[in-house]
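Overview (structure and organization)
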Amino acid sequence: MKKYLWGFPFFALLVGAFLFSCQQEDVSSSAEETATDAVTATAARYAAQIDSVTSKHCKGKLTAIDSTALPATILTYLSTNYPKAAIAFAGTDASGKYVVGIVVDGQPKGLLFDASGAFTKLLEHYGKRAKLTPVATADLPATITTYVSMNYAAATIKKAGKNADGTYFVAISTSETIKVLVFDASGSFKEEQTPPKGKGHRGRK
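From a predicted model like this one, the values you see are computed outputs, not experimental measurements.

How each quantity is defined
- Residues numbered from 1 in each chain as written.
- Predicted model: local features only at pLDDT ≥ 70, side-chain atom pairs only at ≥ 80, totals over all residues.
- Heavy atoms only, no water.
- Salt bridge = Lys/Arg side-chain N within 4 Å of Asp/Glu carboxyl O.
- Helix = DSSP H or I, 4+ residues; strand = E, 2+ residues; numbered from the N terminus.
- Pairing = 2+ DSSP bridges.
- Contact = heavy atoms within 4.5 Å.
- Axes fitted to C-alpha atoms, helices over the stretch in contact; angles between N-to-C directions.
- Buried < 20%, exposed > 50% of the residue type's maximum accessible area, 1.4 Å probe, protein only.
- pLDDT = per-residue confidence, 0-100.
- Phe/Tyr/Trp six-rings, centres within 6.5 Å; stacked < 30°, edge-to-face > 60°.
- Polar contact = N/O pair within 3.5 Å; in protein donor to acceptor, adjacent residues only side chain to side chain.

Right, let's get into the pattern of salt bridges. Per the counting criterion, the structure on display carries three salt bridges. Between D165 and R129 there is a salt bridge, and its shortest N-O distance comes to 2.9 Å. A residue pair is termed long-range when its members are at least 10 positions apart, and D165 in the loop between strand 7 (156-162) and strand 8 (168-174) and R129 in helix 4 (residues 126-130) qualify at 36 residues. Measuring nitrogen to oxygen at the nearest pair gives 3.5 Å for the salt bridge that ties K179 to E192. Pair noted here: K179 is in strand 9 (residues 177-183) and E192 is in strand 10 (residues 189-193), with a separation of 13 residues, a long-range link. Overlapping salt bridges bring together K128, R129 and D165 as one network.

Attention shifts here to the sheet that holds strand 8. Taken in spatial order, the five strands of this open sheet run 6-7-8-9-10, and their pairing is antiparallel. Both outer strands of the open sheet, strand 6 (133-134) and strand 10, are each paired with one neighbouring strand and no more. Pairing between strand 8 and strand 9: seven bridges, direction antiparallel. Opposite Y168, over in strand 9, you have F183 as the bridge partner. Running over the sheet, helix 5 (residues 142-151) touches strand 7, strand 8, strand 9 and strand 10 and is turned about 140° from strand 9.

On to the pairing of strand 3 (residues 98-104). Counting buried positions over the seven residues of strand 3 gives six, a clear majority of the element. As judged from the six bridges shared by strand 2 (residues 86-92) and strand 3, these two strands associate in the antiparallel manner. Paired with A86 across the two strands is V103, which belongs to strand 3. Taking the residues between adjacent antiparallel strands as the criterion, strand 2 and strand 3 are bridged by five residues, where G96 takes a positive phi near 100°. Hairpin remark: strand 3 followed by strand 4 (residues 107-113), antiparallel, with two residues in the connecting loop; positive phi at D105, about 50°.

Taken residue by residue, the protein gives an average pLDDT of 81. The fraction at 70 or more is 80%. Per-element mean pLDDT across the protein ranges from 58 in helix 1 (residues 2-50) up to 97 in helix 3 (residues 72-81). Confidence over residues 1-29 falls short of pLDDT 50; this stretch has zero contacts with residues more than four positions distant or in other chains. Here residues 198-205 scores under 50 on pLDDT; set against residues more than four positions off or in separate chains, the count is 19 contacts.

Turning next to the packing of aromatic side chains. A complete count under the given rule lists eight aromatic pairs for this structure. When the centroid spacing of 5.7 Å and the interplanar angle of 85° are considered together, the rings of Y147 and F183 count as edge-to-face. Remark: F183 occurs in strand 9 and Y147 occurs in helix 5; sequence separation between them is 36 residues. Taking relative accessible area as the criterion, F183 reaches 0% and is therefore assigned buried. By way of ring pairs, the aromatic residues Y147, Y152, F183 and F189 are connected into one cluster.

Structurally, E176 can be placed in the loop between strand 8 and strand 9. Judged by relative accessible area, which is 82%, E176 ranks as exposed. For the pair E176 and A155, spaced 21 residues apart in sequence, the C-alpha to C-alpha distance is 9.5 Å.

A separate point is the environment of Y126. Tracing the sequence through the fold places Y126 in helix 4. With relative accessibility at 1%, the residue Y126 sits in the buried group. The spacing of Y126 and V53 is 73 residues in sequence and 9.1 Å in space, taken between C-alpha atoms. The residues touching Y126, leaving out its near neighbours within four places in the chain, are A44, A47, A48, D51, G101, I102, P108, K109 and G110. Separated by 3.5 Å, the side chain of Y126 and the backbone oxygen of A44 make a polar contact.

Here's what the structure looks like:
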């Protein structure tokens, strides 16, 4: 009986440790997913901002919006033409036009819609600027890691990637907030961005 009473608390302790370990793993996984989403969304927004079609047809910089705020006509267009797509970024310009970045079978595409939600055209160079190649923290240029350690001392690099132009997107975590830092191909800092909230709309399968 004494052996059983001793064994039960020990068993409970093991179960508790196991559950705590699972919770920690879930939190870590969630943080990793959030950082990945942040880098993807920022790269998508960056690609939309500098695409030649966007800069020619849109007025001013794009303002990020939640995908749920898109007009029904746009969501219907996406569900009809890209049923398996996920929205990585959605934004509007000063004149009310919409730019939507989607990912289809791993390939990013950018679409331009007018203020009424009618499809206008595909963005020309969006794909290569939105598609990222993962970069391990250890493989980042020293100029980037040095910049982060000097300017964000309490931050941790969670995720990083670079596009076809060589632009780096680095997600850092500080005070439970995810920020994405953008660096050019040489590792020089360009800007800090707060990624859009939410994971975006996923089309019907």
